[in-house]
Amino acid sequence: MATLTVATWNVNSIKIRQDGVADWLKTVAPDVVALQELKCETKAFPVAPFEDLGYNCAVHGQKSYNGVALLSKFPIEDVTTTLPGDGDDGQARYIEGVISLDGQALRIASIYLPNGNPVDSDKYAYKLVWMRRLKEHARAVLAHEEMLVLAGDYNVIPSERDVHDPEAWRGDALFTLETRRAFREIVHLGLTDALRACDDAEDRYTFWDYQGGAWPKNHGIRIDHLLLSPEAAARLTGCRIDRGRRGGEKPSDHVPVVAEFRI
DNA sequence: ATGCCGGGCGAAGCCCGA
């Protein structure tokens, strides 16, 4: 019985964070990692430190903003970067690939879902449209009935117990009833929230703002998620949030979420 | 709550994030 470790992490600039990510890879040794908010162009992604640690890299980058990647100890095949209705969407927010394991496959996506604030702007409309596109794509890939992990920064607080102070976030684009309903529509296609399948506690956050002492006061929110197909959920053995990565020098404002599977 | 952080860009100050 082998263990497959799959993680997601919004690194908030891969250039600034590359040493910290490499250090984390050495410590945790995940098999597959979904990264978000690279803030660099594809050709500028620092592949060397990760290849030196035995990882293959698939990158969908963009200058200054957004950017997503997959790292994998196994080869990454059939890489795609578009969602239905992509049109002229110039924002690098989605990358998907197939990881070939012994006799089976894992389909993994790295998602950087739009923030959507303020709610009276076109950014919010873009977020909701993007979520509908993700839903349609999720429906299509779920039909393959394979191990599937839709991992990333969803910019969605799913419920009241995923935020330190619900009143402080009421009306925010991450927490409106409309946003949460759109997220549920995706989950209800048949996906499992990996963290909540393993840990029902309050105080399970993945993001703390840099400002206002949010980290020392533990004013966090849970917005980074691994959503699993039934085939993946059946093999899930654990899921944890790597809170320790919020401390130290020059941390990202997000921390990794790590899931383990028996394969 | 907004922009008190932090990062990108680019060389000061604005844009953006959640």
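Heads up: these notes are all about the structure in this document. (Residues numbered from 1 in each chain as written. Chains lettered and ligands numbered in written order. Predicted model: local features only at pLDDT ≥ 70, side-chain atom pairs only at ≥ 80, totals over all residues. Heavy atoms only, no water.)

Considerations on the packing of aromatic side chains
Each pair of aromatic rings is reported with the distance of its centres and the angle of its planes. Under the criterion given, the structure shown has five aromatic pairs. With a centroid separation of 5.5 Å and 80° between ring planes, the pair formed by Y154 and F183 is classed as edge-to-face. Residue Y154 is found in the loop between β8 (147–153) and α4 (166–169), and its partner F183 is found in helix α5 (residues 177–187); the two are separated by 29 residues along the sequence. You can call F183 buried: its relative accessible area is 4%. Ring centres of Y205 and W208 lie 6.5 Å apart, and the angle between their planes is 80°; on these two criteria the pair is classed as edge-to-face. On the basis of relative accessibility, which here comes to 0%, the residue W208 falls in the buried class. Taken together, the aromatic side chains of Y205, W208 and W215 make up a single cluster linked through ring pairs. Note that R180 overlies the ring of F175, its terminal NZ or CZ placed 4.3 Å from the centroid. (Phe/Tyr/Trp six-rings, centres within 6.5 Å; stacked < 30°, edge-to-face > 60°. Helix = DSSP H or I, 4+ residues; strand = E, 2+ residues; numbered from the N terminus. Buried < 20%, exposed > 50% of the residue type's maximum accessible area, 1.4 Å probe, protein only. Lys NZ or Arg CZ within 6 Å of the ring centre and 35° of its normal.)

Quick look at the packing of helix α3 (residues 122–142) against α5
In the contact formed by α3 and α5, the axes pass within 9 Å of each other and the chain directions differ by 10°. Comparing the axis directions of α3 and α5 gives the class roughly parallel. Where α3 approaches α5, its residues Y124, K127, L128, M131, L134 and K135 are matched on the opposing element by E178, T179, A182, F183, E185 and I186. A per-class count over the contact of α3 with α5 returns seven nonpolar, one polar and four charged. (Axes fitted to C-alpha atoms, helices over the stretch in contact; angles between N-to-C directions. Parallel < 35°, antiparallel > 145°, perpendicular 65-115°, else oblique. Contact = heavy atoms within 4.5 Å. Nonpolar A, V, L, I, M, F, W, Y, C, P; charged D, E, K, R; others polar.)

What about the sheet that holds strand β2 (residues 32–36)?
Consider a sheet: its strands pair through backbone hydrogen bonds, and that pairing is either parallel or antiparallel. What the six strands build is an open sheet, ordered β3-β4-β2-β1-β14-β13; its pairing is mixed. Each end of this open sheet is capped by a strand with a single partner; those strands are β3 (56–60) and β13 (236–241). Across the sheet, the axes of successive neighbouring strands diverge by a mean angle of 15°, strand direction being ignored. Looking at chain direction, strand β1 (residues 3–10) and strand β14 (residues 257–262) are connected through six bridges and run antiparallel. (Pairing = 2+ DSSP bridges.)

What to know about the protein's contact with DNA strand B
The environment of DNA strand B is formed by 27 residues, the closest being S13, S64, N115, Q211 and K250. S64 has a polar side-chain atom sitting 3.1 Å from a phosphate oxygen of DNA strand B. In this structure, a phosphate oxygen belonging to DNA strand B sits 3.0 Å away from a side-chain N or O atom of N155. Counting only elements with at least two residues in the surface near DNA strand B, the list comes to α1 (14–28) and α4. Residues that form the surface near DNA strand B fall into these classes: 10 nonpolar, nine polar and eight charged. (Near = heavy atom within 4 Å. Polar contact = N/O pair within 3.5 Å; in protein donor to acceptor, adjacent residues only side chain to side chain.)

Some thoughts on the state of the cysteines
Taken as a whole, this structure holds zero disulfides when the rule is applied. No disulfide involves C198; its nearest neighbouring cysteine sulfur is the one of C239, lying 5.5 Å away. In this structure C198 comes out as partly exposed when scored by relative accessible area, which is 37%. With a relative accessible area of 11%, C239 lands in the buried category. (Disulfide = S-S within 2.5 Å.)

Details of the layout of surface pockets
Size it by volume and the largest pocket reaches roughly 510 Å³. Residue lining of the largest pocket: 25 residues in total, with Y112, P114, N115, G116 and N155 positioned closest to the centre. Sort the elements by how many residues they give to the lining of the largest pocket and α3 lands first, with three residues. Considered class by class, the residues forming the lining of the largest pocket number eight nonpolar, eight polar and nine charged. A volume near 180 Å³ is recorded for the second largest pocket. What lines the second largest pocket is a set of 13 residues, among which R17, G20, E249, K250 and P251 lie closest to the centre. Sorting elements by how many residues they give to the lining of the second largest pocket places α1 first, with five residues. Looking at the lining of the second largest pocket residue by residue, the classes come out as four nonpolar, four polar and five charged. (1 Å grid on protein atoms, 1.4 Å probe; cavity = no way out; pocket = protein on both sides within 12 Å on 5 of 7 lines; lining within 4 Å. Points joined across faces, edges and corners; volume = space filled by probe spheres on them.)

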